[in-house]
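Now for the letters of each chain:
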Amino acid sequence: MSSQITNTLSLPSQAISQLQLAGSDELLLAIHDRQLKREQMLVLGSGSNVVLPAQLPKHVVTITDRSIAVVDEDENSVVIEVGAGKDWHELVLETLEAGWFGLENLALIPGLVGAAPVQNIGAYGRELSGCLLAVSGVDLVARAIRTLDANACELRYRDSVFKGRLRDRFVITSVRLSLNKKAHVNADYPSLARALAVSASSPTPMEVCEAVISTREDRLPDPAEIPNAGSFFKNPVLDDRPAERLRTEFPECPLFEAGGSFKSSAAWMIDQCGLRGFSMGPAGMSAKHALVLVNHGRAQQADVLALAAHVQAVVAQRFGVTLSIEPRVYPDE
């Protein structure tokens with residue numbers, strides 16, 4: 001009996017079944033009892049960063065553990081273990097209420113905690129890599145529970161080992177974070193600084209969080225109202241030569257240093273190509289934010305990918321830059 005897969009793009013997609021599992025022990029038991037192989041499973045949280053096909057012959061696994069446990073603390077910091085099923089935004093708010101700081105810039109990012117390390121979520125000058133200590137979960141090949149420290153997660157811009165050699169192999173069931181008890185506010189990101197109207201007095205972490213929420217609500221469509229998967233394209237990271245070419249040909253193009261390379265703005269490029277609000281059939285680019293691809297109703301995977309390919313082609317023709325899709329695209333099997 002097939003099962004409809006929930007996803008924030010609202011694409012119709014059927015799986016073989018859906019398994020709600022508390023954590024590592026239940027996952028290992030389910031694998032053993034059902035004789036499941038890793039290629040038969042799709043681990044999915046809220047479906048906020050995927051582009052799904054109409055038919056996906058897999059068993060969808062969701063980790064439901066929403067617990068928060070203090071592992072260690074002193075007068076300056078606290079280490080917490082969070083279940084993969086915890087809603088990310090809820091975690092941000094609850095840690096702030098507890099007086100634990102460091103996640104405030106990452107407020108209102110959709111999805112569950114278990115998905116956060118996979119793409120090293122980031123926003124407004126902060127990334128998960130700044131506070132991640134380790135993840136725990138199940139190695140589906142070894143069929144064993146493992147813990148990986150932050151270095152082993154190989155976190156990079158919108159990337160990690162879970163998108164590489166551990167893709168479809170490691171199921172994250174909990175995440176360990178180190179947070180501060182003393183505020184170290186990062187409010188330098190331009191749009192965040194404007195929202196805060198930073199003056200001589202420094203904003204509090206809660207004020208940063210509220211500014212992030214306000215900014216995201218103003219700029220990004222709510223998936224509950226207009227189905228979308230958030231930022232659909234990654235900001236391109238360029239070497240010296242292509243960055244210099246962009247700087248020469250398009251002096252107004254945003255370019256920021258990023259670890260020896262230069263990061264540009266996919267949203268700016270899409271905007272400059274006149275594609276904000278552009279639609280192809282039931283799929284379109286949001287009129288609210290050029291980086292967000294939306295489902296206007298009845299869109300399927302093919303509609304989404306056709307629009308994405310068009311945007312990539314137009315941007316490449318004008319700027320000589322190839323945009324990469326951020327959500328994971330699952331092929332129609």
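All of these numbers come straight from a predicted model, not from anything done at the bench.

Draft legend 1. Broad picture of the pattern of salt bridges. Scanning the entire structure with this criterion turns up 16 salt bridges. Linking Glu90 and Lys86 is a salt bridge whose minimum nitrogen-to-oxygen distance equals 3.5 Å. Since its relative accessible area comes to 31%, Glu90 is described here as partly exposed. For Lys86, a relative accessible area of 4% corresponds to the buried category.

Draft legend 2. Spotlight on the environment of Gln14. Position of Gln14 relative to the elements: it lies in strand E2 (residues 14–21). Residues Gln14 and Ser264, 250 residues apart in the sequence, show an inter-C-alpha distance of 37 Å.

Draft legend 3. Inspection of the side chain of Ser24 at higher detail. Relative to the helices and strands, Ser24 is located in helix H1 (residues 24–34). Within the local environment of Ser24, its side chain forms a polar contact with the side chain of Thr173, the two groups lying 2.8 Å apart. Here Ser24 is in contact with Gly137, Val138, Ile145 and Thr173, once residues within four sequence places are set aside.

Draft legend 4. Molecular detail of the sheet that holds strand E3 (residues 41–43). Judged by pairing direction, the sheet is mixed, and its 4 strands sit side by side in the order E1-E2-E5-E3 without closing on themselves. This sheet does not close on itself; its edge strands, each paired only once, are strand E1 (3–4) and E3. Where H1 meets the sheet, its contacts fall on E2, E3 and strand E5 (55–63), and the angle it forms with E2 comes to roughly 135°.

Draft legend 5. Inspection of the nonpolar core at higher detail. Counting residues in each nonpolar core, the largest one holds 41 residues, and the members touching the most others are Trp88, Leu103, Val135, Phe162 and Leu177. Filtering out sequence-adjacent residues up to four positions away, Leu177 remains in contact with Val78, Val79, Ile80, Leu91, Leu103, Leu128, Cys131, Leu132 and Leu133.

Draft legend 6. Molecular detail of the pairing of strand E6 (residues 68–73). Pairing geometry for E6 and strand E7 (residues 77–83), over 5 bridges, is antiparallel. Residue pairing for E7: Glu73 is matched across the bridge by Val78. In this structure, the hairpin formed by E6 and E7 is closed by a connection of 3 residues.

Draft legend 7. Here's a closer look at the pairing of strand E12 (residues 170–180). Taking burial as the measure, the 11 residues of E12 include 8 buried ones, the bulk of the element. Sheet analysis places E7 next to E12, joined by 7 bridges and oriented antiparallel. Within the sheet, the bridge partner assigned to Glu81 lies in E12 and is Arg176. Note: strand E10 (residues 132–139) against E12, 7 bridges, orientation antiparallel. Considered in E12, the bridge of Leu132 is made with Leu177.

Draft legend 8. Region of the structure containing helix H8 (residues 301–319). With 19 residues, H8 should reach 27 Å at 1.5 Å per residue; the first-to-last C-alpha distance of 27 Å fits that figure. Every buried residue of H8 is listed here: Gln301, Val304, Leu307, Ala308, Val311, Val315 and Phe319. Within H8, the buried residues cover an arc of 140° as seen down the axis, which keeps them to one side. What points out from H8, more than 90 degrees from its buried face, is the exposed set Ala302 and Gln317. Just past H8, the residue Gly320 takes up positive phi, approximately 70°.

Draft legend 9. Molecular detail of the packing of aromatic side chains. Counted under the stated rule, the structure contains 5 aromatic pairs. With a centroid separation of 5.4 Å and an interplanar angle of 75°, the aromatic rings of Phe232 and Phe233 are classed as edge-to-face. Taking the relative accessible area as the measure of exposure, Phe232 reaches 0% and is therefore buried. Look at Phe233 and you get buried, because its relative accessible area is 1%. Members of the aromatic cluster, joined through ring pairs, are Phe250, Trp268 and Phe319. Above the ring of Phe262, the side-chain terminus of Arg247 is found at 5.3 Å from the ring centroid. Across from the ring centre of Tyr157, 3.9 Å away, lies the NZ or CZ of Lys263, which sits over that ring.

Draft legend 10. Inspection of the packing of helix H2 (residues 88–97) against helix H5 (residues 205–219) at higher detail. Between H2 and H5, the least distance of the axes is 10 Å, while the angle of their chain directions is 155°. Here H2 is positioned roughly antiparallel relative to H5, judged by the angle of their axes. By crossing handedness, the relation of H2 to H5 is classed as left-handed. Here His89, Val92, Leu93 and Leu96 of H2 come into contact with H5, specifically with Pro205, Met206, Cys209 and Ile213.

Definitions and cut-offs
Residues numbered from 1 in each chain as written. Predicted model: local features only at pLDDT ≥ 70, side-chain atom pairs only at ≥ 80, totals over all residues. Heavy atoms only, no water. Salt bridge = Lys/Arg side-chain N within 4 Å of Asp/Glu carboxyl O. Buried < 20%, exposed > 50% of the residue type's maximum accessible area, 1.4 Å probe, protein only. Helix = DSSP H or I, 4+ residues; strand = E, 2+ residues; numbered from the N terminus. Polar contact = N/O pair within 3.5 Å; in protein donor to acceptor, adjacent residues only side chain to side chain. Contact = heavy atoms within 4.5 Å. Pairing = 2+ DSSP bridges. Axes fitted to C-alpha atoms, helices over the stretch in contact; angles between N-to-C directions. Core = buried A, V, L, I, M, F, W, Y, C linked by side-chain atoms within 4.5 Å. Expected span 1.5 Å × (residues − 1). Arc of directions from axis to C-beta. Phe/Tyr/Trp six-rings, centres within 6.5 Å; stacked < 30°, edge-to-face > 60°. Lys NZ or Arg CZ within 6 Å of the ring centre and 35° of its normal. Parallel < 35°, antiparallel > 145°, perpendicular 65-115°, else oblique. Left-handed = near helix turned anticlockwise from the far one by under 90°.

By themselves, these observations are geometric and do not establish any function.
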